[in-house]
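Residue-level structure breakdown
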Amino acid sequence: PMVLPSAETAMFRLGSKMPDGAVIGARGPNGVLAPDSELNRWLQTNFSDRYNTPPVYSAYHMVQALLGLKTAFDEAAKAKGGNPATPDVIKAFENLTFESAAGQVEMVLGKGHQAISDTAYGTFKFDKESNKPTLVDVIRYPADCVNPPKDTPSVEWLKAGMPGAKCG
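**Considerations on the packing of helix α2 (residues 38-51) against helix α3 (residues 57-80)**
- Interhelical geometry of α2 versus α3 gives an angle of 125° and a closest axis separation of 12 Å. If you check the angle between α2 and α3, you find them oblique. Crossing geometry of α2 relative to α3 is assigned as right-handed. Counting all contacts with α2, which are made through L39, N40, L43, Q44 and F47, the residues of α3 involved are A59, Y60, V63 and L67.
- Of the residues that constitute the contact of α2 with α3, the class distribution is seven nonpolar, two polar and no charged.

Structural data, given as structure tokens:
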């Protein structure tokens, strides 16, 4: 089958033109691959109502960035006891864990400046009854399964066979 790591962005536009059986990703657990939560349902509803199409991973990434910044700003403001300066927010962002519409985000790589999250893939199937694209047989992978341990370069980790991957 075709493996399309970020084709979730095109599945609604292409619809029945996309081949059934293609393995589809969304650069993380975004869009139709996002976990069910109150925040995700809010994003799905409001985005779809406004733009007449479901949100795809790029919308999820923007929401993730804004929620991360808000969380870091709030943490910095609490620590400072008032309006934080930019360096205070940067420091608060380091090693931060926060919830997004796509689930938990952990700033653990790159000295606490690079985020990791779970990921998911599904198999594309066009539902002729509803005339809508769907994903079936969704498989989720924990962040610790698909990202190298802290302070381990990705290429070295992959060449070594992904030691320490927690894929349970």
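**Some thoughts on the side chain of Q64**
- Following the sequence through the fold, Q64 ends up in helix α3.
- For Q64, the contacting residues outside a window of four places in its chain are F98, S100 and V105.

**Thoughts on the sheet that holds strand β5 (residues 114-116)**
- Ordered in space as β3-β4-β5, the three strands form an open sheet in which the pairing is antiparallel. Only two strands of the sheet have a single neighbouring strand rather than two, namely β3 (97-100) and β5. Taken pair by pair, the neighbouring strands of this sheet meet at an average axis angle of 35°, ignoring direction.
- Direction of pairing for β3 relative to strand β4 (residues 103-109): antiparallel, over a ladder of four bridges. When the sheet's bridge partners are listed, E99 is paired in β4 with Q104.

The rules behind the values
- Counting from 1, residues in each chain are numbered in the order their sequence is written.
- In keeping with the predicted nature of the model, local features appear solely for residues at pLDDT of at least 70, side-chain atom pairs appear and are counted solely at 80 or more, and the whole-chain, interface and lining totals rest on all residues.
- Think of the side-chain values as coming from all heavy atoms in the structure, minus any hydrogens and water.
- A fitted line through C-alpha atoms serves as each axis, taken over the contacting stretch for helices, and the angle formed by two N-to-C directions is quoted from 0 to 180°.
- Each helix corresponds to a stretch of at least 4 residues labelled H or I by DSSP, and each strand to a stretch of at least 2 residues labelled E; elements are numbered beginning at the N terminus.
- Roughly parallel means an angle under 35 degrees; roughly antiparallel, over 145; roughly perpendicular, 65 to 115; everything else is oblique.
- For any helix crossing, the convention is left-handed if the near helix is rotated counterclockwise from the far helix by under a right angle, and right-handed if that rotation is clockwise.
- It only takes one pair of heavy atoms within 4.5 Å for two residues to be counted as in contact.
- Each residue is assigned to one of three groups, with Ala, Val, Leu, Ile, Met, Phe, Trp, Tyr, Cys and Pro labelled nonpolar, Asp, Glu, Lys and Arg labelled charged, and all others, Gly among them, labelled polar.
- Strands pair, by our definition, only if DSSP identifies at least two bridges between them.

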